[in-house]
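# Examination of the molecular architecture
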Amino acid sequence: MGTFALPGARQREVVVLHLRYAGLLVAASIASASCDTTGPAGPPAGIEILSGQSQIGPVDLTLPEPIAVRVVDGDGRRVDGFPIIFKVIEGDGTLGPAELKRVSTLTNSGEATVKWRLGTRAGPQAVTVAVEAFEPLIFQALALPGPPVSLAAVSGSGQRGPIGQELPEPFMVAVLDEFDNGIPDVTLEWEVAAGAGDLSSPTVKTDSAGIASVAFTPGGVGEILVKANVVGFDPATFVAVGQALLIDPAGDQFASAEHYIPPDIVQLKAWVEAGELQIRIWFTDFQLRSDWADDEVLAGYVDLDVDQNPATGATPFTDRLRPGSGSTGIGAEFSVALFTTNGRFDVLDQRGNVIGSVRSRFAGNTVRMWIPLSLIGDDGLVDLAIIVGTVQQLTDIAPDDGSLVMVGPAGGAR
């Protein structure tokens, strides 16, 4: 086999090319060495989030992704053994298997991680990551309510109001998880379980805070029970009391006086509650004064037709004592005598016999009385009329003609 030889000039050219190629290899090797991330790391120059940001999960559960950060030097090499502090700064969550509020650790392969268990309160939660010489990082999460476990009446129960008029406060109920977080978008069915009245809507969904509410208008006199229902749970219950309301004109007294303001009725409410017929009367510019003479103390009668039959019972005091014409149109089985110096009113039967006494209270320009239903042997849904004044003279009747009706949804003056 023969040898092959290049002319001298060509040989020198090849040698030069080889040297140039070798130089390029050396330069590439040097450049590669300058970006090497496997060598010893220098001082930490940055921190970055690897995972765990902006998660959403149920309350009291561990988030699926751990909080993870990486610390690197100026060349991107991972910095080992660098101290990291994780700390809960919003919400009542915990960190790590020991469920602590604050966890300190060192980076491993430049990284540090910790598990985050959300707290029991729904809403925004946050953890800060503190690294020496760097601005803290903030991890944020949103804790959602858990499944519903109960209904709770929030407000509105226990109100009294005239029939036909919407109560001032709505009935409000909350749908709650086991940690009392409100749950949104739950449908509630509302019903009037006892008594009469009107709901603004029979079906209402909870809002973003887990609250549902309805307005209510009493439709009858006495106690009314309203329930809010969700399938599978005990209902939330609300109690309201419907009142019969009488508005009497101001300034319609039929007598005058020189030394005191004659009692002038402007409003009367009557209702049944807790086994009692309760009556409250408002006056214009009339106040009971402890220094008044005996003939200036409030006097009068409240006549009660308990069977709503004008053919039975006695002629009411309101008709016996009224000046001029007019009639209540009722027969009085009982009357309450508004003469008191000891805080109680006597109750008379239709023959005028005292059968008991009931407590009363004067407050400002009002007087209130509580008549046990057991005393008058009735359900309390009566027809009534009232005449008032002082021992010296009577001054006003309410209503001027007819009576206040407490029976059924049409309760009112007639």
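Residues numbered from 1 in each chain as written. Predicted model: local features only at pLDDT ≥ 70, side-chain atom pairs only at ≥ 80, totals over all residues. Heavy atoms only, no water.

### Brief notes about the overall build of the protein
From N to C terminus, the protein includes 3 helices and 31 strands. Expressed as a percentage of its 414 residues, the buried residues of the protein come to 43%. Excluding contacts between residues fewer than 6 apart, the proportion of contacts in the protein whose partners are at least 24 apart in sequence is 59%. For the protein, the computed accessible surface area is about 20,700 Å², with 53% contributed by carbon and sulfur atoms. (Helix = DSSP H or I, 4+ residues; strand = E, 2+ residues; numbered from the N terminus. Buried < 20%, exposed > 50% of the residue type's maximum accessible area, 1.4 Å probe, protein only. Contact = heavy atoms within 4.5 Å. Areas by Shrake-Rupley, 256 points an atom, 1.4 Å probe, with all protein chains shown as cover.)

### Quick look at the nonpolar core
With 36 residues, the main nonpolar core has Ile279 and Leu304 as its most contacted residues. It is strand S21 (residues 265-273) that contributes the most residues to this core, 5 residues altogether. Apart from the residues lying within four places of it in its own chain, the contact partners of Leu304 are Leu277, Ile279, Gly331, Ala332, Glu333, Phe334, Val336, Ile371, Val382, Asp383 and Leu384. Membership of the second largest hydrophobic core comes to 24 residues, among which are Val79, Phe86, Leu118 and Ala141. (Core = buried A, V, L, I, M, F, W, Y, C linked by side-chain atoms within 4.5 Å.)

### A short note on the sheet that holds strand S13 (residues 171-176)
The antiparallel open sheet is built from 3 strands, whose spatial order is S11-S13-S17. The open sheet has two edge strands, strand S11 (150-155) and strand S17 (211-214), and neither has a second partner. Averaged over all adjacent pairs, the angle separating strand axes in this sheet is 30 degrees, with direction ignored. Direction of pairing for S11 relative to S13: antiparallel, over a ladder of 5 bridges. Bridging across to S13, Ser155 finds its partner in Met172. (Pairing = 2+ DSSP bridges. Axes fitted to C-alpha atoms, helices over the stretch in contact; angles between N-to-C directions.)

### A word on the confidence of the model for the protein
Residue-level pLDDT values for the protein average 86, and 84% of them are 70 or greater. Note on residues 1-36: pLDDT is under 50 here. Beyond four places in sequence and across chains, it has 3 contacts. (pLDDT = per-residue confidence, 0-100.)

### With respect to the pairing of strand S14 (residues 187-194)
Sheet analysis places S14 next to strand S16 (residues 203-205), joined by 3 bridges and oriented antiparallel. For Thr187, the partnering residue across the bridge sits in S16 and is Lys205. In this sheet, strand S19 (residues 222-229) lies alongside S14 in antiparallel orientation, the contact comprising 5 bridges. What sits directly across from Glu191, in S19, is Lys227.

### Some points on a nonpolar patch on the surface
A surface patch of nonpolar side chains, amounting to about 250 Å² of accessible area, comprises Ile56, Leu142 and Leu144. The exposure class assigned to Leu144 is partly exposed, which follows from its relative accessible area of 37%. (Patch = residues over 30% accessible without salt bridge, like charges linked within 9 Å, V, L, I, M, F, W, Y side chains within 5 Å. Salt bridge = Lys/Arg side-chain N within 4 Å of Asp/Glu carboxyl O.)

### Regarding the pattern of salt bridges
Applying the stated criterion across every chain yields a total of 11 salt bridges. Between Glu48 and Arg70 there is a salt bridge, with the nearest N and O atoms lying 3.0 Å from each other. With Glu48 in strand S1 (residues 44-51) and Arg70 in strand S3 (residues 67-73), the pair connects residues that are 22 residues apart, well separated along the chain. Between Asp319 and Arg322 there is a salt bridge, with the nearest N and O atoms lying 3.2 Å from each other. A residue is classified by how much of its surface remains accessible, and Arg322, at 9% relative accessible area, is buried. One salt-bridge network, in which partners are shared between bridges, spans Glu48, Arg70, Arg78 and Glu111.

### A closer look at the packing of aromatic side chains
According to the stated counting rule, one finds 6 aromatic pairs in the structure shown. Measuring from ring centre to ring centre gives 5.4 Å for Phe171 and Phe216, while their planes differ by 25 degrees; the resulting arrangement is stacked. A residue pair is termed long-range when its members are at least 10 positions apart, and Phe171 in strand S13 and Phe216 in strand S18 (residues 216-218) qualify at 45 residues. Under the relative-accessibility criterion, Phe171 is labelled buried at 0%. (Phe/Tyr/Trp six-rings, centres within 6.5 Å; stacked < 30°, edge-to-face > 60°.)

### Thoughts on the sheet that holds strand S9 (residues 123-131)
Spatially, S2-S10-S9-S4-S6 is the arrangement adopted by the 5 strands of the open sheet, whose pairing is mixed. Unpaired on one side and paired on the other, strand S2 (55-58) and strand S6 (102-106) mark the two borders of the sheet. Strand after strand, the sheet turns through a mean of 25 degrees between neighbouring axes, direction not considered.

### Topic: the side chain of Thr217
With respect to the element layout, Thr217 can be found in strand S18. Thr217 sits in the buried class, given a relative accessible area of 17%. The contact partners of Thr217, leaving out residues within four places of it in the chain, are Gly164, Gln165, Glu166, Gly197 and Asp198.

### Looking at unusual backbone geometry
Here the amide bond leading from Ala398 into Pro399 is cis, since omega sits at -10 degrees, within 30 degrees of zero. With respect to the helices, strands and loops of the structure, Pro399 is situated in the loop between strand S29 (394-398) and strand S30 (404-405). Located in the positive-phi region is Ser109, a residue other than glycine, with phi close to 55 degrees. Within the secondary structure layout, Ser109 lies in the loop between S6 and strand S7 (111-114). Even without glycine at this site, Asp185 takes up a positive phi of about 60 degrees. Along the chain, Asp185 falls in the loop between S13 and S14. Looking at Asp185, the relative accessible area reads 54%, which means it is exposed.

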